[in-house]
Amino acid sequence: MNELRALLQTDIVDSTRLAERLGDEAMSALWAAQDRAARDLLQRWRGIEIDKSDGFLLMFDEVADAVGYALAYRGALATLSEPLLARTGVHVGPVIIRKNAPDDVRRGAKPLELDGIAKAVAARVMSIALGGQTLLTPEARAALGNTERRVQSHGHWRLKGIEAPIELFEVGDDDAPFMPPPDSTKAYRVVQRQGLWLPVREVRHSLPAERDLFVGRREALLELARRFDAEGTRLVSVLGTGGTGKTRFVQRFAWTWLGDYPGGVWFCDLSQATSLDGIVHSVGLGLDVPLSGADPVTQLGNAIAGRGACLVILDNFEQVASLAAATLGQWLDRAGEATFLVTTREVLGIPGEEVMSLAPLDEAEGVALFRARAAAGTRVQASPEVAQALVSLVKLLDGLPLAIELAAARAHAMSIPTLLSRMKDRFKLLRSSGNRSDRHSTLRAAIDWSWGLLSQAEKLALAELSVFEGGFTLGSAEAVLDLSSCHPSAWIPNVVQSLADKSLVQVTAVDRFGLLTSVQTYAAEQLILFSQHLDLGNALVLSSFGRHWRYFGALSEIDIITNRCAESENLVIACRRATQAGDIDGAVKTLATAWVALKLKGPYGIAIDLARDVLAISSLEIAQAANANWVAGCAYNMHGDMIEAQERFNSGLGFANISGDRLAQVRIHCAIGDQLINMGRLDEAQYHLVSALSGANELGIASLQCQAMNAMGAVLAGASRGDEAMAMLQRALHIARQAADVRWEAGILGNLGNLSLTNGAVGDARDYFELAVAASRHVGDRRWEGNNRCNLGMALFEQGRLSEAMVELRLSQTIAVELGHMRLQATALCNISLVLEAQLNLDSAIEYCEKAVQIVNLLGDPLAEGQYRGYLGLMYAKTFRCVDSSSSFLIGQRLLEGIDADESLALLMCRWAAAGHYIGDVDLIRDLSIWLKNYRQTHSLREESELACNIHRIELLLGLN
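(A) Focus on the pairing of strand E8 (residues 166-172). Burial runs high along E8: 6 of the 7 residues are buried. Note: strand E6 (residues 134-136) against E8, 2 bridges, orientation antiparallel. Counterpart to Leu136 in the pairing with E8 is Phe169. Relative to E8, strand E7 (residues 150-159) runs antiparallel, the two sharing 6 bridges. Paired with His156 across the two strands is Glu167, which belongs to E8.

Shown next, in the form of structure tokens:
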């Protein structure tokens, strides 16, 4: 009896090759894991196993269950120790189900047998699929009905043994291939033309053969396919700078989707065309149409119309873009079924045009292309150092396929690190070693081609845009560009837009632009040539630099922070140029603005270098010296050089007092207060912070008020004046929110979290830290993000969520290393050690804690070192390193007693008592229990505070309650 069922057939791709690589034993274990994963999913998706080889034949009552299983199975395979890739076919049809006799089953027969053509159809459809692809027959697609999953037709296919062609559909998530599979000996794609089904391979075309492996661009190819699938889209212009790989990209698209165009695919190379005659000649060659008569444009339009549903590719249209309406525009009107695909470095600007910008290759694609194109016989080493050098090389090559291929051709003679080191000579390096002389033979020639198509104003604008680092806005371009020498009335936004339309300026974000490194290098050379041509020596270059540093030296702190410090690279280079040029006022102003970004994003070493260079200027005025020393002190403090920071702060404060610069005074008092807090010298810190807060209120600068009050809150908390600290921080938070200062809101929320954590309100602390992380990420403040992630990790730790805590702490440590923030790095390392200790990984915990102690010892931070030595002493005790434990506690005790850090000392004593319990030291336990009892009697503690909870735990541990 025939029954309608959904059949699913799977197969593991390249299993034989994998078995050869892994060996029989490892492959057997992998097959077992694959079988387990596949069978575990069957119950969830209500399926029945019918047969198995490398893959499975499965039966379902509902096709939705079959599809759900297929996608879940694909995901499960990706999680195996050796990820596997499966192809899947799904068909719905009548089957005859036979049960084998129990005796036969005991002898190894399958419980169920299926008969019917449906089984063969499912197997044939599966055999066509690409790895990771799930294909449906029309019956399966109809039975699936409406679905939230993506479904795409891949045209009609002739399957061996099946009379009529069938349409195949792909179903999947966004990461599925969604590309037509290639033909095989048992299945091939067909298109209908004049009532006949013809193999796609017989579709007429003039596409050049692909000479080597095509690498990457999967998402871009799918995007282009989606553009053409959209109703009414008949013209897409693929836009990109020279060397982006536009020609190869559209050729690959045409080869992949050839079956969508029964009227053929016609490739027309316009690279030599410079006039209307050149266009029609090139298109005539591509279409294989001999031109005759007085109106070749109309003749070609009629020829295209006669080919019906065809694709016409017009490659390299930029140099004849002004003729687009007179040619392509007419063909669009005349050939209603035809589709046009254009590659160009310049938007054509005709009705119906849809523009798709082709981005450079991403990092993974660029690396893959380099490896694929490395000179024959060259083996690219696989060491981590070489791999990282290759990633850096690809980035410096802007991900441009042409540049990557030219560099890869050098790989037989130069190692990747050598290539990387020679990138300063990129235009010499990136040349074809053969006899080619076309515009793709060198990177310079590719950019020369685009340069030659620019107007004089566009050339000068592009040359002057080279002075920017890390991108620019229209506002900064208007401030820096001066086109009066060639086009006095030029409107800068129009010129920038024109350069973007010509692919020489990249649109990197909303209202933000940039240049590829190769284009910037080329444009910088042209700026020098402009200056020499105008007989100005380097005056044009220097005047452009001057406009640049004056603009960035005048930015406000809000201007810099509100765009997530996107201008940090411009600010740094502006300071360097102003310093080198001897513009003292410009150097000091840009140093201050650069520090606004660098203190948020780092690295702090750059700020130290900038400040050192500015301070080396011999003719600094007193007020200028005050501000330069302030930046230097802050940078040294962040970087961990406490002694140099103190010297810079003291010098800066002296200069500020002499000059009467109130703003500099407040800034330096705040900075000194922050430093003294970290050193545990709370009374001295309070003195400076009172002065800073008075000055901030006098100046009415909200950010300085927040800074002083935030630090004062930390002082009060450290002095066990929790209620006063909470009130101070809440006032600061109110000011930050009134001023819409999200950065300081993040910092204050972090300190509120710390105070809540100290008071034992772990849930409140976690809420504060999560808000603080979100706020700091919003403004791009890496320093606060690192601090707040570190604190969030400890809140999660207190809640026993160790895995989540470790994630946050690792992220914090990474940020600290990138910033060069030594104190944060030490804190993160210490906190990681506490999580490792809780996970009973004591050897690793000790290693991390020892690193943290080493850092804070170098920083000269007695408070942190005393605290960390308490943690370390307990870890030593747990591993029965009694001498090390005692030494660590004694050093910590001496450090904390030296700075009157009572609460931290009490916490250390709690850990010391716990250590005594682990090592069985009765005398130590007795002495410390007396010390802790006296402390409780002489100090008022919140019962829910961290210290009170620790003392209570110790009392329970030692049986003192």
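Don't stop here, the text continues.
(B) View of the packing of helix H12 (residues 363-373) against helix H13 (residues 384-396). Taken N-terminus to C-terminus, the directions of H12 and H13 make an angle of 105°; their axes are 9 Å apart at the nearest point. Classified by the interaxial angle, the pair formed by H12 and H13 is roughly perpendicular. Across the interface between the two elements, Glu363, Gly366, Val367, Phe370 and Arg371 of H12 pack against Leu390, Val391, Leu393, Val394 and Lys395 of H13. Residues that form the contact of H12 with H13 fall into these classes: 6 nonpolar, 1 polar and 3 charged.

(C) Here's a closer look at the side chain of Glu113. Among the structural elements, Glu113 can be located in strand E5 (residues 112-115). For Glu113, a relative accessible area of 18% translates into the label buried. Each residue touching Glu113, except ones within four places of it in the same chain, is listed here: Ile96, Ile97, Arg98 and Asn100.

(D) Structural context of the pattern of salt bridges. A complete count under the given rule lists 55 salt bridges for this structure. One salt bridge connects Asp40 with Arg36, and the closest N-O pair in it is separated by 2.9 Å. Separated by 4 residues within a single helix, Asp40 and Arg36 lie in helix H2 (residues 24-44), roughly one turn from each other. Look at Arg36 and you get partly exposed, because its relative accessible area is 47%. Residue Arg227 is joined to Glu223 by a salt bridge in which the shortest nitrogen-to-oxygen separation is 2.6 Å. Note that Arg227 and Glu223 are positioned in helix H7 (residues 218-229) at a spacing of 4 residues, about one turn of the helix. Take Arg227: its relative accessible area is 17%, and that puts it in the buried class. Overall, Glu223 belongs to the partly exposed group, its relative accessible area being 27%. In the salt-bridge network here, residues are joined through shared partners; they are Glu210, Asp212, Arg248, Arg252, Arg373 and Glu405.

(E) Seen up close, the state of the cysteines. This structure, assessed with the given rule, holds 0 disulfides. Not engaged in a disulfide, the cysteine Cys790 finds its nearest cysteine sulfur in Cys830; these two sulfurs lie 8.8 Å apart. The class for Cys790 is buried, based on a relative accessible area of 1%. Cysteine Cys830 shares no disulfide, and the gap to the nearest cysteine sulfur, in Cys849, comes to 4.5 Å. Accessibility expressed as a relative area gives 0% for Cys830, which makes it buried.

(F) Expanded view of the packing of aromatic side chains. Overall, the coordinates contain 13 aromatic pairs when judged by the stated rule. Ring centres 5.7 Å apart and planes at 50° place the aromatic pair Phe60 and Tyr69 in the tilted group. Neither Phe60 nor Tyr69 differs from the other in exposure class; each is buried. Ring geometry for Phe228 and Phe253: centres 5.8 Å apart, planes at 35°, overall tilted. One end of the pair, Phe228, is in helix H7; the other, Phe253, is in helix H8 (residues 246-256), and 25 residues separate them in sequence. A residue is classified by how much of its surface remains accessible, and Phe228, at 12% relative accessible area, is buried. Chaining the aromatic ring pairs together yields one cluster made of Phe468, Phe472, Phe513, Tyr551 and Phe552. Directly above the ring of Trp266 sits Arg307, whose terminal nitrogen or CZ lies 4.3 Å from the centroid. Seen from the ring of Trp784, Arg783 lies directly overhead, with NZ or CZ sitting 4.8 Å from the centre.

(G) Representation of the sheet that holds strand E11 (residues 235-239) within the structure. Sheet architecture is open: 5 strands sit in the order E12-E13-E14-E11-E15, paired in parallel fashion. The two strands at the open ends of the sheet, each matched to only one other strand, are strand E12 (265-269) and strand E15 (353-357). Direction aside, the axes of adjacent strands within the sheet are offset by 20° on average. As defined by bridge partners, E12 adjoins strand E13 (residues 311-315) across 5 bridges and the pair is classed as parallel. Its bridge partner being in E13, Cys268 is matched across the sheet by Leu314.

Conventions used here
Residues numbered from 1 in each chain as written. Predicted model: local features only at pLDDT ≥ 70, side-chain atom pairs only at ≥ 80, totals over all residues. Heavy atoms only, no water. Buried < 20%, exposed > 50% of the residue type's maximum accessible area, 1.4 Å probe, protein only. Helix = DSSP H or I, 4+ residues; strand = E, 2+ residues; numbered from the N terminus. Pairing = 2+ DSSP bridges. Axes fitted to C-alpha atoms, helices over the stretch in contact; angles between N-to-C directions. Parallel < 35°, antiparallel > 145°, perpendicular 65-115°, else oblique. Contact = heavy atoms within 4.5 Å. Nonpolar A, V, L, I, M, F, W, Y, C, P; charged D, E, K, R; others polar. Salt bridge = Lys/Arg side-chain N within 4 Å of Asp/Glu carboxyl O. Disulfide = S-S within 2.5 Å. Phe/Tyr/Trp six-rings, centres within 6.5 Å; stacked < 30°, edge-to-face > 60°. Lys NZ or Arg CZ within 6 Å of the ring centre and 35° of its normal.

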